[in-house]
There are 2 protein chains.
Amino acid sequence: MTDTGNGAAPAPMGRRERKKAATRRAIADAALRLFLERGYDAVGIREIADAADVSTTTLFKHFPVKEALVFDEDADQESSLLAAVRDRPEGRSVPAALRDHALRHRMAAADGDDRFTAFRELVAGTPALRDYAQAMWLRHTDALARVIAEESGLPGNDPACTALAHFALEAPRAAHGHDDPREAVVRAFDLLESGWRALAPGD
Amino acid sequence: MTDTGNGAAPAPMGRRERKKAATRRAIADAALRLFLERGYDAVGIREIADAADVSTTTLFKHFPVKEALVFDEDADQESSLLAAVRDRPEGRSVPAALRDHALRHRMAAADGDDRFTAFRELVAGTPALRDYAQAMWLRHTDALARVIAEESGLPGNDPACTALAHFALEAPRAAHGHDDPREAVVRAFDLLESGWRALAPGD
DNA sequence: CTTCAAAAGTGCATCCGTTGCACAAATTGA
DNA sequence: TCAATTTGTGCAACGGATGCACTTTTGAAG
């Protein structure tokens, strides 16, 4: 979770941006800790602000709504997903790029991570968070579909693009129950790969 | 007031239920009128309650959240949809029943109805309503998929059921842009019909 | 270094959706 | 007629979110 992946970007952040990011993290951390301790609905905004030692106004400058405190990394995940398709190596197909991304990011925290499973239970057990996550997922598939359309030259509203986006985000979910999740993901994407090749040869 | 005292009346609804339905309608009508006049966000709950001459407490007894005021007929539409599949004539296929229902209910208000287009613009132009409608649509497809599974004897989580439910609710949407929407709907359902027949012959 | 403007944060009052509570009125059944 | 349930009311309050005026911090220009 606390991964400031600095593979090729040593983060040229000035002191200002660093402090901003720090308070943001302080808020999100305090919020998640309290939520996990006592449940989402039992923790108020003012309380979180106190725990992070900021005012409620500041809190809402960083997170537009309460639910966003839980899905802190939403924006990062989405841009990382889109980048995986846009900046894929020359000659690599879109489904292949999505498979790589899924194996690298989605499955990492899947096995045996207490913190992560607690997080999932928190979301699953809170209607407000379930709804928010669902809406988030739809936004991601939409954005992904648009990028796929751009990259493949197909019309933006082509059902094939939305379907591929849909399946690509669904596959890691479905693989969770399997004994070997990684294998299941690879299989699923092989299926998409062959189907996609027939439609958009070369991309 | 108006005493319709009738000795052996079949009385589908008692006086009480009728009054309850009346206040419900009064609230929903007042709300929709105000929303269309001045926009969803510009009208407060207390104002609507005033216009309908009830207290806010009473308002929330009828509608759990503000958005529900707009989608008043949500529950009715869903049960009507499910009933169209469950109570379809003997020997009629599921897709055919869905097509009939779509042509009868979904397209009726589609052409040239000022009131209806204004309603759609209201929803489309209000993020909160868009989100709510989206979530509603997901609930409907889920419920429909379960009924289809029951009726066809397929396992409840069979992708074919969810897919059929998805497409059946999507078809009327997609047909809106066409010059002849009814024809487009018929075509779409013909497609579903043939595909379905291969999977569940007899249902 | 000084100065200045933008950014970040604060404190406070307030709005608004929503809920809980105690209570009155209507309705029903005995 | 007398309870008991249902339905509606008035009011106060809670929690989220916003607007405003204001101070502090920061980056950079002069």
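Source: prediction; values computed, not measured. Throughout this description, residue numbers start from 1 for each chain and increase along the sequence as written. Chain letters start at A and ligand numbers start at 1, both assigned in the order the entries are written. Per-residue local features are limited, in this predicted model, to residues with pLDDT of at least 70; the limit for side-chain atom pairs, both in listing and counting, is 80 or more; totals at the level of whole chains, interfaces and linings are taken over all residues. Only hydrogens and water are set aside when side-chain values are computed; all heavy atoms of the structure are taken into account.

1. What about the overall build of chain A?
(1) Moving on: Starting at the N terminus, helices and strands are each numbered in turn, a helix being any DSSP run of H or I of at least four residues and a strand any DSSP run of E of at least two. Each helix and strand counted, chain A has nine helices and zero strands in total.
(2) Moving on: Only protein chains enter the calculation, and the probe is 1.4 Å; a residue is then buried if its accessible area is under 20% of its type maximum, exposed if over 50%, and partly exposed in between. Relative to its full complement of 203 residues, chain A shows a buried share of 38%.
(3) Moving on: The protein chains shown are the only cover counted for residues, whose accessible areas, like all others here, come from Shrake-Rupley with a 1.4 Å probe. Total accessible area computed for chain A in this model is approximately 12,200 Å², and 51% of it derives from carbon and sulfur atoms.

2. Comments concerning the UniProt feature "domain: HTH tetR-type" (unreviewed entry) in chain A
(1) Moving on: Per the UniProt record, "domain: HTH tetR-type" (unreviewed entry) is annotated on residues 21-81 of chain A.
(2) Moving on: End-to-end, the C-alpha atoms of residues 21-81 of chain A are 21 Å apart, and along that stretch the chain is 66% helix and 0% strand. UniProt positions are given in the numbering used here, feature names are shortened, and annotations may be inferred rather than shown by experiment.

3. With respect to the protein's contact with DNA strand C
(1) Moving on: In the neighbourhood of DNA strand C, 20 residues make up the surrounding shell, with Thr23, Thr58 and His62 of chain A together with Ile45 and Lys66 of chain B lying closest.
(2) Moving on: Counting only the atoms of DNA strand C within 4 Å of the protein, the fraction contributed by sugar and phosphate is 55%.
(3) Moving on: Residue lysine 20 of chain A places a side-chain N or O atom 3.3 Å away from a phosphate oxygen belonging to DNA strand C.
(4) Moving on: With respect to DNA strand C, the side chain of arginine 46 of chain B contributes an N or O atom lying 3.1 Å from a base nitrogen. Near residues are defined by distance, with any heavy atom within 4 Å of the molecule or strand qualifying the residue. Two N or O atoms count as a polar contact when they lie within 3.5 Å, although within protein this holds only if one can serve as hydrogen donor and the other as acceptor, and sequence-adjacent residues are included solely when both atoms are side-chain atoms.

4. Comments concerning the packing of helix 8 (residues 159-174) of chain B against helix 9 (residues 181-199) of chain B
Residues and elements named next belong to chain B.
(1) Moving on: Fitting a line to C-alpha atoms yields each axis, with helices limited to the stretch in contact; the angle taken between N-to-C directions then spans 0 to 180 degrees. It is the contact of helix 8 with helix 9, at a shortest axis distance of 10 Å, that shows an interaxial angle of 170°. With respect to their mutual orientation, helix 8 and helix 9 come out roughly antiparallel. Within the contact between the two elements, helix 8 uses Ala160, Leu164, Phe167, Ala168, Ala171 and Pro172 and helix 9 uses Val185, Ala188, Phe189, Leu192, Trp196 and Leu199.
(2) Moving on: Asp, Glu, Lys and Arg are counted as charged, while Ala, Val, Leu, Ile, Met, Phe, Trp, Tyr, Cys and Pro are counted as nonpolar; the rest, among them Gly, fall into the polar class. Residue classes in the contact of helix 8 with helix 9 are distributed as 12 nonpolar, no polar and no charged. When an angle is under 35 degrees it counts as roughly parallel; over 145 it counts as roughly antiparallel; between 65 and 115 it counts as roughly perpendicular; any other value is oblique. Residue contacts are defined here by distance: any two heavy atoms, one from each residue, within 4.5 Å place the two residues in contact.

5. Details of the environment of asparagine 157 of chain B
(1) Moving on: For asparagine 157 of chain B, the location among the structural elements is in the loop between helix 7 (127-152) and helix 8.
(2) Moving on: Using a relative accessible area of 64% as the deciding quantity, one classes asparagine 157 of chain B as exposed.

6. What about helix 5 (residues 94-106) of chain B?
All names here are of chain B.
(1) Moving on: Every helix has an expected span of 1.5 Å times one less than the residues it contains. Over its 13 residues, helix 5 runs 17 Å from end to end, which matches the ideal 18 Å to within 8%, given 1.5 Å per residue.
(2) Moving on: Taken residue by residue, helix 5 has Val94, Pro95, Ala96, Ala97, Leu98, Arg99, His101, Ala102 and Leu103 as its buried positions.
(3) Moving on: On its buried side, helix 5 packs onto helix 4 (74-86), helix 7, helix 8 and helix 9.
(4) Moving on: Here helix 5 starts with a cap whose side-chain oxygen sits 3.2 Å from the backbone nitrogen of alanine 96, and that cap is serine 93.

7. Focus: the packing of aromatic side chains
All names here are of chain A.
(1) Moving on: The aromatic pairing rule takes the rings of Phe, Tyr and Trp, using the six-membered ring of Trp, and pairs them if the centres are within 6.5 Å, calling planes under 30 degrees apart stacked, those over 60 edge-to-face and the rest tilted. All chains considered together, the criterion is met by eight aromatic pairs over all chains.
(2) Moving on: Here the aromatic rings of phenylalanine 71 and tyrosine 132 are separated by 5.6 Å at their centres, their planes lie at 20°, and the arrangement is stacked. A residue pair is termed long-range when its members are at least 10 positions apart, and phenylalanine 71 in the loop between helix 3 (56-62) and helix 4 (74-86) and tyrosine 132 in helix 7 (residues 127-152) qualify at 61 residues.
(3) Moving on: Look at tyrosine 132 and you get partly exposed, because its relative accessible area is 23%.

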